Amino acid sequence: MRATSPTGGRDPNVHFSDFERRNIGFTVSDMAMSAGLINGAVWRVNKALSLEKVRAGEEFLVKDRACGIAIFGDGAASNGLTHGGMGLAKALRQPVLFTILDNQIAFRTPPRREHGGIDLANRALGYEMPALSVDGDNVFEVYLAASLLLEFARSSNHPALLHARTFRRCGHNDSEN
């Protein structure tokens, strides 16, 4: 699988993409950065796909549209880069699913100190995007919510937010294990 990845296996497994279904995933070490970078990736892929259809004399349909997925934690949900990426997706009408993996602790900072203990799904309100909050440890809830929000984002050319409440089972990095 790694050999067939976009980087040919030369990069860690943080790029979760399914090109057959036109879903582009993007996670980088600075997780907040993924919220901004996904906009460029989605814009470029959709531009290329639409040009391909036009050159073939075909119409670029909703089902042909690529949809981006940016995955970041509850700590990164408070980062300005994340908010900039969400604002850009709204302004450019980008089909992006922003996914917050809320494990209740941002590195070593408890939620009340990180963001006041608010429901992180409410972050979507400021960008007029729909949001669903699910039990992140229930694979069926996550799959159904993500499928629904991806379909919304793709069909409406509009961003959406998925808030997955989960539990950290190990340390944040090697120094905590």
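These notes cover the structure that comes with them.

What counts and what doesn't
- Residues numbered from 1 in each chain as written.
- Predicted model: local features only at pLDDT ≥ 70, side-chain atom pairs only at ≥ 80, totals over all residues.
- Heavy atoms only, no water.
- Helix = DSSP H or I, 4+ residues; strand = E, 2+ residues; numbered from the N terminus.
- Buried < 20%, exposed > 50% of the residue type's maximum accessible area, 1.4 Å probe, protein only.
- Patch = residues over 30% accessible without salt bridge, like charges linked within 9 Å, V, L, I, M, F, W, Y side chains within 5 Å.
- Areas by Shrake-Rupley, 256 points an atom, 1.4 Å probe, with all protein chains shown as cover.
- Salt bridge = Lys/Arg side-chain N within 4 Å of Asp/Glu carboxyl O.
- Core = buried A, V, L, I, M, F, W, Y, C linked by side-chain atoms within 4.5 Å.
- Contact = heavy atoms within 4.5 Å.
- Pairing = 2+ DSSP bridges.
- Right-handed = clockwise from strand over helix to strand, strands pointing away.

### Digging into unusual backbone geometry
Backbone geometry places Arg93, a non-glycine residue, at a positive phi of 55°. As for its placement among the helices and strands, Arg93 is situated in the loop between helix 2 (80–92) and strand 3 (96–102). You can call Arg93 partly exposed: its relative accessible area is 43%. Even without being a glycine, Asn157 presents a positive backbone phi close to 55°. Summarising the element assignment, Asn157 is placed in the loop between helix 4 (139–156) and strand 5 (160–165). By relative accessible area, Asn157 is classed as partly exposed at 22%.

### Thoughts on a nonpolar patch on the surface
Side chains of Met33, Leu37 and Leu81 sit close together on the surface and give an oily, nonpolar patch of about 240 Å² of accessible area. Here Leu81 shows up in helix 2. What makes Leu81 partly exposed here is its relative accessible area of 42%.

### A short note on the nonpolar core
Within the largest apolar cluster, 18 residues are counted, with the highest numbers of intra-cluster contacts made by Ile38, Phe72, Met86, Phe98, Ile100, Met129 and Leu161. Those elements that provide at least two residues to this core are helix 1 (31–55), strand 2 (67–73), helix 2 and strand 3. Residue contributions to this core peak at 4 residues, all from helix 1. Residues Ile69, Ile71, Leu149 and Leu162 belong to the second largest nonpolar core, which totals 13 residues.

### Focus: the side chain of Asp102
The residue Asp102 is located in strand 3 in this model. Setting aside anything within four residues of it in sequence, one finds Asp102 in contact with Asp74, Leu120, His163, Ala164, Arg165 and Thr166.

### Side note on the pairing of strand 2
Most of strand 2 sits out of view: 7 of its 7 residues are buried. Residues of strand 2 alternate between two faces, with Cys67, Ile69, Ile71 and Gly73 on one and Gly68, Ala70 and Phe72 on the opposite face, all of them buried. Sheet topology places strand 2 next to strand 3; 6 bridges connect them, and they run parallel. Bridging across to strand 3, Gly73 finds its partner in Leu101. Each parallel crossover has a hand, and for strand 2 linked through helix 2 to strand 3 it is right-handed.

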